[in-house]
Amino acid sequence: MGDLPIVRFEEKIVETVKENPVVVVIGETGSGKSTQLPQILYRRGYAKSGIIAVTQPRRVAAVSVSRRVAQEQNVRIGEEVGYAIRFEDRTSEKTRIKYLTDGVLLRESLFNPELNQYSVIILDEAHERSLNTDILLGLMKRLIKWRHSNLKVLITSATLDGGKVSRFFSDCPVLTVPGELFPVEIVHISELPKSYVEASLKKAIDIHVREPEGDILIFLTGQDDIEKLVLKLEERVQSLEEGSCMDALILPLHGSLPPEMQASELACHSPCWLPEWIVAVVCAGMFHVRVFSPPPPNCRRFIVSTNIAETSLTVDGVVYVIDSGYVKQRQYNPSTGMYSLEVVQISKVQAKQRAGRAGRTRPGKCYRLYPSTVYHDDFLDATIPEIQRSSLAGTVLYLKSLDLADMDILKFDFLDSPSVESLEDALKQLYLVDAIDENGSITSLGRKMAELPLEPSLSRTLLEANELDCLSQALTVVSMLSAETTLLPAPSKSSEKKRRHTLSNLPDGFGLGDHIQLLQIYEQWYQTDYNIDWCKENNLQVRGMVFVRDVRKQLSQIMQKITKGSLDVQTSNRRRGGQQEFKSLRKALCIGYANQLAERMIRHNGHRPLGFKSELVQVHPSSVLKSDEDGMLPNYVVYHELIVTSRPFMRNVCAVEMRWVAPILAKLDKLNVFKLSGGSSQPDNQIQEVTSTVEKKEIAAVQPPEDRASMIQAARERFLARKEWPHPLNMWHSLVGLELDWDAKSP
DNA sequence: GAGCACTGC
């Protein structure tokens, strides 16, 4: 590995690190930064007073890079070089270089905020801007002030973003280490295509017919488009004259592919937490994950992929990349509490990353299905960071529990701040689940919740379940929800009927809700002694169920620790006695999901989420929740998630009772976001009561203050006239208006 | 009566 580019910069790196507490390292793909930076610092004695930590956004990366470095150091993994990821800690007293996921470092920081076991912290792949990396960046900025004499922080980033990170850390030095990629020729299309599936098809066939050998990687946005393109490619390739060009192998690649699609003889050696169809391979100082076995001779592979191939997976042999310029992104709207999955333009960083996939083994070409003017003028420099696209309840609770001095959550120093709306939404949610009091201070309950690696509503459910003697059931439900997306195999048109048939053999939660069904499914599996075949028979993903078991074990241990008692966490083995048995559990869910509560309209089955400025939503049709003899759904439900697809839906819904809901309504009534946020600049209470957050900010900005009176009056009039957004306790009065509204929207 | 990118504690 002596000839990796980064090694030539050793003196420069060491010198800069010596002089500065924070250094940004721009290391392009192939520079060997992930493996070599820690080894350089280790050689120069930086591990004498502490451990060198290297964070990674992904588990696979933490494991495979550390394996590589252990090999280079000629030690066994877990000795001088080790790694720590959830469920697996391969470190010992001897460990000097420790790779860990950024989530694990955040957990460690909860119990040891100064992180004083570490002498160096390297935040790798910071340009990916994962939620956890962003929190760590903010924490590092504070930590450097406390520990400026004995802590070094290195941050690796992409070219386009290095300057920004450097400015964030008081203009710290930026070192650039070239990569070892082969040149990639970029070709832009002259006009935006009408359909990028068609455009990709045309370009791919074009390459296949004209260009020399080398695999083609095509970036699309989702499973649907991928399946469409795969079919069309197969058609077109078959219609080509035999012998006119080489053979073709067309392969889809996305996260929900069933394992059997990509069977490989090496797969059985991969760790259990990896999807069976992926094999981790480390070579040339870089890690990558290899997909598929090598292609047959004289055959070109067409890999049609989501952005999973952008960073998470590397396909060997790719020489041509076709980039649609789009990606599917999940976004959270803090004013409605809804998630949506939207197709959006990629950023320049992403476009560069995609192009780089063509130059790993030899010079390559990247065909962009968008004009270069669009790239320069429309594309954002960097992807919108996750912290600006997610619900921040968990993040805010985490930061509150750190007890940082002079901590004002609205002023926490983020590289990119989330919106005020988003932070206020988080505070509101935390208040409803009793994690903070009406002044925004963390409660003792909130501290316990922060120790659980769960969203606040789920950790609140566990703690309440413990009080109500149904902890064992709640542990199961919460663990099942943690793995929910990996439980059921991806629905594909051909297996649709079969899947439905087998699903009907599973329990139905007595019609009380999806949480109850999840509980019953796990308990049935438990009764088969965790039989793998039972999962297969019922079409449940084995990997997902095993993950649930691991999560459940971890949560049980943390609950034992938090409550300092021996708890009944055993999975139930009794024969079910009926609905009555789930009453306590449902009550615990109601209290835990106080921030995710919805009320049914009088005359129809539309629900209105409480506490959000929101449209009506429907129970997702996949739910097992049953309606009564009049066809009506329960008056009150809690939901796990609001997701907008063709309409807004509540996914994973559970029926709750009015008498449990009443105290939550009272709390919603008292809600005062200004007080929650510390209230230093609190405007007078009349504005608070009658205006939305946006209006409040507008009013507060008016100068001089005397001119605000008329605006306040106007806001009050609007409030009094407002029918579609009633006060929680007066809601019945305005239901008629809502129903009319709803009917007008229905087709 | 619908359909969903990718991570992580």
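What counts, and at which threshold
Residues numbered from 1 in each chain as written. Chains lettered and ligands numbered in written order. Predicted model: local features only at pLDDT ≥ 70, side-chain atom pairs only at ≥ 80, totals over all residues. Heavy atoms only, no water. Buried < 20%, exposed > 50% of the residue type's maximum accessible area, 1.4 Å probe, protein only. Helix = DSSP H or I, 4+ residues; strand = E, 2+ residues; numbered from the N terminus. Pairing = 2+ DSSP bridges. pLDDT = per-residue confidence, 0-100. Contact = heavy atoms within 4.5 Å. Near = heavy atom within 4 Å. Polar contact = N/O pair within 3.5 Å; in protein donor to acceptor, adjacent residues only side chain to side chain. Nonpolar A, V, L, I, M, F, W, Y, C, P; charged D, E, K, R; others polar. Salt bridge = Lys/Arg side-chain N within 4 Å of Asp/Glu carboxyl O. Expected span 1.5 Å × (residues − 1). Arc of directions from axis to C-beta. Axes fitted to C-alpha atoms, helices over the stretch in contact; angles between N-to-C directions. Parallel < 35°, antiparallel > 145°, perpendicular 65-115°, else oblique. Left-handed = near helix turned anticlockwise from the far one by under 90°. Phe/Tyr/Trp six-rings, centres within 6.5 Å; stacked < 30°, edge-to-face > 60°.

**Points about the pairing of strand E23 (residues 648-656)**
For E23, the buried fraction is high: eight of the nine residues fall into the buried class. In this sheet, E23 lies alongside strand E21 (residues 618-619) in parallel orientation, the contact comprising two bridges. By the bridge assignment for E23, Gln 618 is matched with Phe 649. For strand E22 (residues 636-644) and E23, the ladder comprises eight bridges, and the chain directions are antiparallel. The partner of Ile 643 across the bridge, within E23, is Phe 649. Counted between consecutive antiparallel strands, the loop separating E22 from E23 contains three residues.

**Overview of the confidence of the model for chain A**
Averaged over every residue, the pLDDT of chain A is 82; the share at 70 or more is 82%. In the predicted structure, residues 492-502 sits below a pLDDT of 50 and forms nine contacts with residues beyond four places in sequence or in another chain.

**As for the environment of Val 661**
Within the fold, Val 661 resides in helix H22 (residues 658-670). Judged by its relative accessible area of 0%, Val 661 falls in the buried class. Once the C-alpha coordinates of Val 661 and Tyr 636 are considered, the two residues, 25 residues apart in sequence, prove to be 7.8 Å apart.

**Quick notes on the protein's contact with DNA strand B**
Around DNA strand B, the surrounding shell holds 30 residues, and the nearest of these are Arg 59, Thr 101, Gly 255, Thr 645 and Arg 651. The sugar-phosphate backbone supplies 64% of the atoms of DNA strand B found within 4 Å of the protein. Pro 453 places a main-chain nitrogen or oxygen 3.1 Å from a base nitrogen of DNA strand B. Side-chain polar atom of Ser 646 to a phosphate oxygen of DNA strand B: 3.2 Å apart, as the coordinates give it. Elements supplying a minimum of two residues to the surface near DNA strand B: helix H4 (102-111), strand E16 (326-333), helix H17 (496-503) and E23. A breakdown of the residues in the surface near DNA strand B according to their chemical character gives nine nonpolar, 11 polar and 10 charged.

**Some remarks on the pairing of strand E18 (residues 364-368)**
Two faces belong to every sheet, and in a regular strand the side chains alternate between them. Of all five residues making up E18, four are buried, and the element is well covered by its neighbours. Here strand E9 (residues 184-188) runs beside E18; their pairing, made up of five bridges, is parallel. Within E18, the residue paired with Val 184 across the bridge is Gly 364. As judged from the four bridges shared by strand E15 (residues 318-323) and E18, these two strands associate in the parallel manner. Among the inter-strand pairings, Tyr 320 is bridged to a residue of E18, identified as Lys 365.

**Observations regarding unusual backbone geometry**
Not every positive phi belongs to a glycine, and Glu 125 is a case in point at roughly 55 degrees. Along the chain, Glu 125 falls in the loop between strand E6 (118-123) and helix H5 (131-146). Here Glu 125 falls in the buried class, since its relative accessible area comes to 11%. Not every positive phi belongs to a glycine, and Asp 171 is a case in point at roughly 55 degrees. Mapping Asp 171 onto the fold places it in the loop between helix H6 (162-168) and strand E8 (174-177). With a relative accessible area of 58%, Asp 171 lands in the exposed category.

**A short note on the pattern of salt bridges**
Using the criterion set out here, one finds 34 salt bridges in the structure. The partner of Glu 108 in a salt bridge is Lys 98, and the shortest N-O contact between them spans 2.9 Å. Residue Glu 108 is found in helix H4, and its partner Lys 98 is found in strand E5 (residues 97-101); the two are separated by 10 residues along the sequence. For the residue pair Glu 108 and Lys 98, the accessibility class agrees, reading buried in each case. For Arg 659, the salt bridge goes to Glu 657, with nearest N and O atoms at 2.6 Å. When salt bridges with common partners are traced through the structure, they connect Glu 10, Glu 11, Arg 43 and Arg 44 into a single cluster.

**Topic: helix H8 (residues 223-239)**
With 17 residues, H8 extends 25 Å from end C-alpha to end C-alpha; this agrees with the ideal 24 Å at 1.5 Å per step. The set of residues buried in H8 consists of Asp 225, Ile 226, Leu 229, Val 230, Leu 233 and Val 237. Buried residues of H8, viewed axially, fall in a sector of 135 degrees; they line one side. Looking at H8, the residues exposed on the side facing more than 90 degrees away from the buried face are Asp 224, Leu 231, Glu 235, Gln 238 and Ser 239.

**What to know about the packing of helix H1 (residues 10-19) against helix H2 (residues 33-43)**
With their axes 11 Å apart at the nearest point, H1 and H2 run at an angle of 70 degrees to one another. The angle between the axes of H1 and H2 places the two elements in the roughly perpendicular class. Every pair of crossing elements has a handedness; the one defined by H1 and H2 is right-handed. Of H2, the residues touching H1 (which contributes Glu 10, Ile 13, Val 14 and Val 17) are Leu 37, Ile 40, Leu 41 and Arg 43. For the contact of H1 with H2, the class distribution of residues is six nonpolar, no polar and two charged.

**Some thoughts on the packing of aromatic side chains**
On inspection of all chains with the given rule, the structure shows 12 aromatic pairs. Note on Tyr 522 and Trp 525: the rings are 5.8 Å apart at their centroids and 70 degrees apart in plane angle, and the pair reads as edge-to-face. Taken together, the positions of Tyr 522 and Trp 525, both in helix H18 (residues 514-527) and three residues apart, correspond to about one turn of that helix. Judged by its relative accessible area of 1%, Tyr 522 is buried. For Trp 525, a relative accessible area of 1% puts it in the buried group.

**Some words on the packing of H4 against H5**
Between two packed helices, what matters for the description is the angle formed by their axes and the separation of those axes. Look at H4 against H5: their axes get within 9 Å of each other, and the N-to-C directions meet at 45 degrees. As judged from the angle between their axes, H4 and H5 are oblique. Between H4 and H5 lies a crossing whose hand is left-handed. Here H4 contributes Asp 102, Gly 103, Leu 105, Leu 106 and Ser 109 to the contact with H5, which in turn contributes Asn 132, Thr 133, Ile 135, Leu 136 and Leu 139.

**Description of the sheet that holds strand E10 (residues 215-219)**
Taking strand neighbours across the sheet as the criterion, the six strands line up as E9-E18-E15-E10-E14-E11 in an open arrangement whose pairing is parallel. Across the chains shown, the open sheet's two edge strands, defined by having one partner strand only, are E9 and strand E11 (247-253). The sheet shows a mean angle of 15 degrees between the axes of neighbouring strands, direction not considered. Sheet analysis places E10 next to strand E14 (residues 299-305), joined by four bridges and oriented parallel. Looking across to E14, one finds that Leu 217 is bridged to Ile 303. Set on the sheet, H8 makes contact with E10, E11 and E14; between it and E11 the angle comes to about 175 degrees.

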